[in-house]
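# Observations on the model geometry
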Amino acid sequence: MIACACTIAGSDSGGGAGIQADLKTFQGAGVYGTSVITAVTAQNTVGVYQIEALTPTIISAQLNAIQADFPIQAYKTGMLFDATIIKQVAKQLDTQNMPIVVDPVMIAKGGASLLQLEAIEALKTNLLPIATICTPNLPEAEIISGIEITDDQSLQQAAKKILELGVQTVIMKGGHATGTQASDTVFSVNESPYRLSTPRYETKHTHGTGCTFSAAITAHLAQGMSVKPAIIEAKKFIDRAIFDSLNLGHGHGPTNHFAYKKSGGVVDVQLLS
Ligand code: PXL
């Protein structure tokens with residue numbers, strides 16, 4: 001039977017991030033995708049023009065409908081927008097006993113806020129304690145941990161703080177850093193840290209990279225992979241999606257969700273323990 005995954009996130013009308021990126025990624029990884037929409041954004045590659053959150057009632061009803069009918073093997077959360085939505089979603093995921101990937105989406109590339117400030121507390125106290133993997137970029141990791149990340153030591157301290165919230169694995173994504181390599185460092189409660197690196201490509205078409213990466217991890221977990229192989233395979237997915245990114249629109253174009261399948265999974269990822 002085909003593996004099933006569910007994304008709980010916001011809609012990006014431009015199709016590069018959010019629910020749309022997640023479903024395309026699930027498809028690209030060979031997984032059947034279902035979705036719970038938390039908010040609708042009016043958006044293209046240039047910017048976010050309007051945001052409307054859905055009510056907790058319809059968010060809850062979407063999740064109930066999916067859980068009543070599909071054998072969901074992994075969940076991911078993206079844009080959750082406010083504390084009420086976070087608490088509702090956490091309550092409904094807590095009973096499932098399935099892997100949960102939390103992408104702690106806070107700010108869109110152009111600066112639009114996708115998570116209200118007071119919701120960060122709910123993320124920390126309600127959602128991260130039940131999460132399998134959390135995938136912050138460096139600014140998000142700084143906000144969650146309260147630690148400024150300037151070097152390897154502060155990176156490790158911030159990761160430790162995030163793990164103390166109860167999540168089992170945190171991937172400190174290096175996309176916002178500099179250097180010739182795009183390196184993500186993975187810290188787990190039950191494994192020694194490791195770093196995954198692929199070349200950093202010179203492109204401005206990186207809209208939706210975070211969504212795509214976390215959705216790829218979710219897809220591979222749904223297929224039954226354990227955490228480390230799922231993360232390595234997702235790193236290959238995002239490497240190809242950025243390498244082959246799409247020059248569409250007038251701003252930051254989307255990543256290419258077809259590219260991983262085209263590559264046949266033959267991608268060089270450096271693993272450093
Ligand atoms: O990439 C973060 C993100 C997540 N979800 C939605 C978004 C964005 C970025 O623009 O629009 C709906």
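Residues numbered from 1 in each chain as written. Predicted model: local features only at pLDDT ≥ 70, side-chain atom pairs only at ≥ 80, totals over all residues. Heavy atoms only, no water.

## Focus: the overall build of the protein
- For the protein, the helix and strand inventory stands at nine helices and 10 strands.
- Relative to its length of 273 residues, the protein is compact, with a C-alpha radius of gyration of 17 Å against a globular reference of 19 Å.
- Here the C-alpha coordinates of the protein stretch approximately 45 × 40 × 40 Å along the principal axes.
- A total of 273 residues make up the protein; the buried ones form 55% of that total.
- Summed over its atoms, the accessible surface of the protein is roughly 11,900 Å², and 54% of this surface lies on carbon and sulfur atoms. (Helix = DSSP H or I, 4+ residues; strand = E, 2+ residues; numbered from the N terminus. Rg over C-alpha atoms; globule rule 2.2 N^0.38 Å. Buried < 20%, exposed > 50% of the residue type's maximum accessible area, 1.4 Å probe, protein only. Areas by Shrake-Rupley, 256 points an atom, 1.4 Å probe, with all protein chains shown as cover.)

## Some words on the UniProt feature "domain: Pyridoxamine kinase/Phosphomethylpyrimidine kinase" (unreviewed entry) in the protein
- Mapped onto this numbering, the UniProt entry annotates "domain: Pyridoxamine kinase/Phosphomethylpyrimidine kinase" (unreviewed entry) at residues 12-256.
- In the segment residues 12-256, helix accounts for 40% and strand for 20%; the C-alpha atoms at its two ends are 15 Å apart. (UniProt positions renumbered as here; feature names shortened; annotations may be inferred.)

## Brief notes about helix α3 (residues 83-94)
- For α3, built from 12 residues, the straight-helix expectation of 16 Å at 1.5 Å per residue is met to within 8% by its first-to-last C-alpha distance of 16 Å.
- Buried within α3 are the following residues: Ala-83, Ile-85, Ile-86, Gln-88, Val-89, Ala-90, Gln-92 and Leu-93.
- N-cap assignment for α3: the residue whose side-chain oxygen lies 3.3 Å from the backbone N of Thr-84 is Asp-82. (Expected span 1.5 Å × (residues − 1). Polar contact = N/O pair within 3.5 Å; in protein donor to acceptor, adjacent residues only side chain to side chain.)

## Some thoughts on the site of the ligand
- In the vicinity of the ligand, the contacting residues are Gly-10, Ser-11, Ala-17, Gly-18, Gln-43, Met-79, Val-105, Ala-108, Leu-114, His-207 and Cys-211.
- Between the ligand and Gln-43 there is a distance of 2.6 Å, counted from an oxygen atom to a side-chain nitrogen or oxygen.
- For the ligand, the protein covers 91% of the area, taking 310 Å² as the surface of the free molecule.
- In terms of residue class, the shell around the ligand is made up of six nonpolar, five polar and no charged. (Near = heavy atom within 4 Å. Nonpolar A, V, L, I, M, F, W, Y, C, P; charged D, E, K, R; others polar.)

## Overview of the environment of Gln-181
- Note on placement: Gln-181 falls in strand β8 (residues 181-188).
- Measuring from C-alpha to C-alpha, the distance between Gln-181 and Asn-97 comes to 36 Å, with 84 residues separating the pair along the chain.
- Setting aside residues no more than four positions away along its own chain, Gln-181 makes contact with Ser-197, Thr-198, Pro-199, Arg-200 and Gln-270. (Contact = heavy atoms within 4.5 Å.)

## Some points on the packing of helix α5 (residues 138-145) against helix α6 (residues 152-163)
- At their nearest, the axes of α5 and α6 sit 9 Å apart, and the two run at 60 degrees to each other. By the criterion of interaxial angle, the relationship of α5 to α6 is oblique. For the crossing formed where α5 meets α6, the hand is left-handed. Residues Leu-138, Ala-141, Ile-144 and Ser-145 of α5 form the contact with α6, whose participating residues are Leu-155, Ala-158, Lys-161 and Ile-162.
- Tallied by class, residues from the contact of α5 with α6 come to six nonpolar, one polar and one charged. (Axes fitted to C-alpha atoms, helices over the stretch in contact; angles between N-to-C directions. Parallel < 35°, antiparallel > 145°, perpendicular 65-115°, else oblique. Left-handed = near helix turned anticlockwise from the far one by under 90°.)

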